[in-house]
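Topology and contacts: notes
Take a look at the letters that make up each chain.
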Amino acid sequence: MDTLTHTLMGGTIVGLAAMDPAVDPISVGFITTVVGASLVPDIDTVMKMKNNAVYITHHRGITHSLPFTFFIWPVLLTVLSVMLFDLPALNMYLWIQFAVFLHVFVDIFNSYGTQALRPISDTWIQLGVINTVDLPIIVMHALYFILWFLGMSPVLLFFILYGVMFVYYLARASMQQLINRKVERQLPNEYITRVFCMPTIHFFEWRLVAVTQHSYYVGRSFRGNIIFYDRFNKSAPIEQEIFEAVKKDINFKAFTFFSSIYRYEVKELSEDLVEIRYIDLRYLKDGHYPFVCIMQLDKNDNEIIHSYTGWVFSESKLQRKLINN
C-alpha cells in the first residue's frame, strides 16, 4: 500500500492501544504509526538512490521477510521504545509486532506484492485484489478518525473498521474471480493458461492480461465489460548467443525477477548493434507499456553496452535513460 494508507492503519493501532493501560498512547503512536507501520518495512526505498535494478530487486524483499517481520523490526523498535520512552518491553513488542505484521500483510494484496515468505521462498506474493492507492480504504480510515474525534470509542471503531475492510477485501476478490471467468467466456476458442486481473484506482476498472497457448491478450474491464486492446503472438525463443549475454545483465535480472508477465522484441539497429526490449504487459496506459527493460548489444563481442530497467512514459525519455546508464 502507499505510505498514507500505512500511516492511517498505524493510527488505528494507536486507537486500539487505548485498551492497554500499561503504555502511553502518544509513545505507542510514534512507534507504531511513524516508525513501525509506515517507515521501517519500506526503508529499502533508499536503494533507489543507487539504481532502479537494485531497488526493483530488493524493494519489499528482505525488509518484508519472515525474520524482519517477526523478529528484527519488532525487537529493534522495542529496544528503542524502552530506551527512549521507558515503556514496558513486552507490551511494546506486541504492539510493534502487530503494526509491522499489518504493514506486510496488506502489501500482499496489491499487484506489486512482497516476498513475505523469505527465506522459505523467494516467490513474490501478488494477490492483486487491492490497488496500491485504494480510495475506499483511505475514506474508511478518514471516517474512523472523524468518529474518534467526535467521541466514539477508538477500540470499538477499530473492530468495526477492520470488519468492514474484511468484507471489502472479500468483495474485491469476488469481483476479480468474476472477471476472470468472463475473460474465459470471451475467448472460448483459446486455451487460456493464466489470467492476470489487477485493480486500478477506479473501483470498477481492472487491468487484464490473458495468457493463451500462443498469444497474450491485453485489455481492461469496465463495470464487468471486457475490452482487449492488444494481442501479441508469443515470440520464438531468443537466439542462444544473445540470451547468454542478456541473462548476465543486472537490469535484465531485476526485470525478470519482478515481472510476472512480459514479452520481448529484438531489433537490429545497425550492422553491429542489436536492441533487446522486455515489456511488462501488466501496466498498459494510454497505449503505452511504461515498465520495461531495454538493452543494446554489440554483436561483435556479444556484450551489453547499454541497459536500463524501470518506469518510462515516453520513448525519448527511455532512450536518454538508456544512454545515461
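No experiment lies behind these values; they were computed from the predicted model shown. Throughout this description, residue numbers start from 1 for each chain and increase along the sequence as written. Whole-chain, interface and lining totals are the exception, using all residues; otherwise, since this is a predicted model, local features are given only for residues with pLDDT of at least 70 and side-chain atom pairs are given and counted only at 80 or more. Values shown for side chains rest on all heavy atoms present in the structure; no hydrogens or waters enter the calculation.

**Quick word on the confidence of the model for the protein chain**
On average, the protein chain scores 87 in pLDDT, and the residues at 70 or more come to 94%. As a per-residue measure, pLDDT tells how confident the predictor is, with possible values from 0 to 100. Runs of E in the DSSP output that reach at least two residues are strands. Runs of H or I that reach at least four are helices, and both are numbered from the N terminus. Looking at the elements of the protein chain, mean pLDDT is at its lowest for helix H10 (residues 315–324), recorded as 64, and at its highest for helix H6 (residues 135–149), recorded as 96.

**A look at the nonpolar core**
In this structure, Met9, Met92, Ile130, Ile137, Tyr162, Met165 and Tyr169 are the most contacted members of the largest nonpolar core, which totals 39 residues. Of all the secondary-structure elements, those providing two or more residues to this core are helix H1 (3–16), helix H2 (25–39), helix H4 (66–85), helix H5 (89–107), H6 and helix H7 (154–186). Not counting residues up to four positions away in its chain, the partners in contact with Met9 are Leu102, Val106, Ile137, His141, Tyr162 and Met165. We call a set of buried residues a nonpolar core when its members are Ala, Val, Leu, Ile, Met, Phe, Trp, Tyr or Cys and they connect through side-chain atoms within 4.5 Å of each other. Note on classification: 1.4 Å probe, protein chains only; a residue is buried when its accessible area is under 20% of the maximum for its type, exposed when over 50%, partly exposed between these limits. Listed in part, the 22 residues of the second largest apolar core include Trp124, Ile242, Tyr283 and Met295. Contacts are assigned to residue pairs that have any heavy atoms within 4.5 Å of one another.

**Quick look at H5**
Spacing of three or four residues puts side chains on the same side of an α-helix, whose turn is 3.6 residues. Here H5 is 19 residues long and its end C-alpha atoms lie 27 Å apart, about the 27 Å a rise of 1.5 Å per residue gives. Considered for burial, the residues of H5 that qualify are Met92, Trp95, Ile96, Gln97, Ala99, Val100, Leu102, His103, Val104, Val106 and Asp107. Expected helix span is taken as 1.5 Å per residue step, with the number of steps being one fewer than the number of residues.

**Thoughts on a nonpolar patch on the surface**
A contiguous nonpolar surface patch, about 900 Å² in accessible area, is contributed by Phe30, Phe71, Ile72, Val75, Leu76, Val79, Leu80, Met83, Leu84 and Phe85. Secondary-structure assignment places Met83 in helix H4. Only residues above 30% relative accessible area that lack a salt bridge enter a patch, with like-charged residues linked at up to 9 Å and the nonpolar side chains Val, Leu, Ile, Met, Phe, Trp and Tyr linked at up to 5 Å. A 1.4 Å probe and the Shrake-Rupley method give the accessible areas. Residues count as covered only by the protein chains that appear here. For this analysis, a salt bridge means a side-chain nitrogen from Lys or Arg found within 4 Å of a carboxyl oxygen belonging to Asp or Glu.

**Here we look at the sheet that holds strand E4 (residues 225–233)**
When DSSP finds two or more bridges between a pair of strands, those strands are recorded as paired. A sheet is described by the order of its strands in space; here four strands give the open sequence E1-E2-E3-E4, paired in antiparallel fashion. Strands with a single pairing partner mark the edges of an open sheet, and in this sheet they are strand E1 (192–199) and E4. Each adjacent strand pair in this sheet contributes to an overall mean axis angle of 20°, direction not counted. Axis definition: a line fitted to C-alpha atoms, over the contacting stretch in the case of helices. Angles run 0 to 180 degrees between N-to-C directions. Packing against the sheet, H7 makes contact with E1, strand E2 (205–212), strand E3 (215–222) and E4, and its axis sits at approximately 140° to E1.

**Details of the packing of H1 against H6**
One can describe the packing of H1 onto H6 by two numbers: an axis separation of 10 Å at closest approach and a directional angle of 35°. Considering how the two elements wind past one another, H1 and H6 form a crossing that is left-handed. Between H1, through Leu4, Thr5, Leu8, Met9, Gly11, Thr12, Val14, Gly15 and Leu16, and H6, the contact on the second element is made entirely by Ile137, Ile138, His141, Tyr144, Phe145 and Trp148. Crossings are assigned a handedness: left-handed for a near helix turned anticlockwise from the far helix by less than a right angle, right-handed for a clockwise turn.

**A look at the packing of aromatic side chains**
Any Phe, Tyr or Trp ring, taking Trp's six-membered ring, that has another such ring centre within 6.5 Å forms a pair; planes under 30 degrees apart are called stacked, those over 60 apart edge-to-face, and the others tilted. For the structure on display, the rule yields 30 aromatic pairs. Relative to Trp124, the ring of Tyr112 has its centre 5.9 Å away and its plane inclined at 75°; by these criteria the two rings are edge-to-face. Remark: Trp124 occurs in the loop between H5 and H6 and Tyr112 occurs in the loop between H5 and H6; sequence separation between them is 12 residues. Both residues of the pair, Tyr112 and Trp124, count as buried. Measuring from centroid to centroid gives 5.3 Å for Tyr264 and Tyr278, while their planes differ by 35°, and the two rings are tilted. Placement of Tyr264 in strand E5 (residues 262–268) and of Tyr278 in strand E6 (residues 273–280) is noted, with a sequence separation of 14 residues between them. Among the residues examined, Tyr278 registers a relative accessible area of 3% and is labelled buried.

**Remarks on the pairing of E4**
By the bridge criterion, eight bridges tie E3 to E4 in an arrangement that is antiparallel. Following the sheet pairing, Arg220 is matched in E4 by Ile227. Linking E3 to E4, which pair antiparallel, is a turn of two residues; within it Arg223 sits at a positive phi near 50°.

**Considering the sheet that holds strand E8 (residues 303–311)**
Strand order across the open sheet formed by four strands is E5-E6-E7-E8, with antiparallel pairing between neighbours. Among the strands making up the open sheet, the edge pair consists of E5 and E8. The mean angle between the axes of side-by-side strands here comes to 15°, regardless of whether they run parallel or antiparallel. With seven bridges connecting them, E5 and E6 associate as antiparallel partners. For Lys267, the partnering residue across the bridge sits in E6 and is Glu275.

**Side note on the side chain of Arg172**
The topology assignment puts Arg172 in helix H7. Only four residue types enter the tally: Lys and Arg on the positive side, Asp and Glu on the negative side; His and the chain ends are excluded. Buried charged residue Arg172 carries no salt bridge. Nearest counter-charge: Asp134, at 4.8 Å. Separated by 2.7 Å, the side chain of Arg172 and the backbone oxygen of Phe203 make a polar contact. Leaving out residues up to four positions away in the same chain, Arg172 has contacts with Val129, Ile130, Pro199, Phe203 and Trp206. Whenever a nitrogen or oxygen atom comes within 3.5 Å of another N or O atom, the pair is scored as a polar contact, on the condition that within protein one atom can donate a hydrogen and the other can accept it, and that pairs from neighbouring residues in sequence are kept only if both atoms are in side chains.

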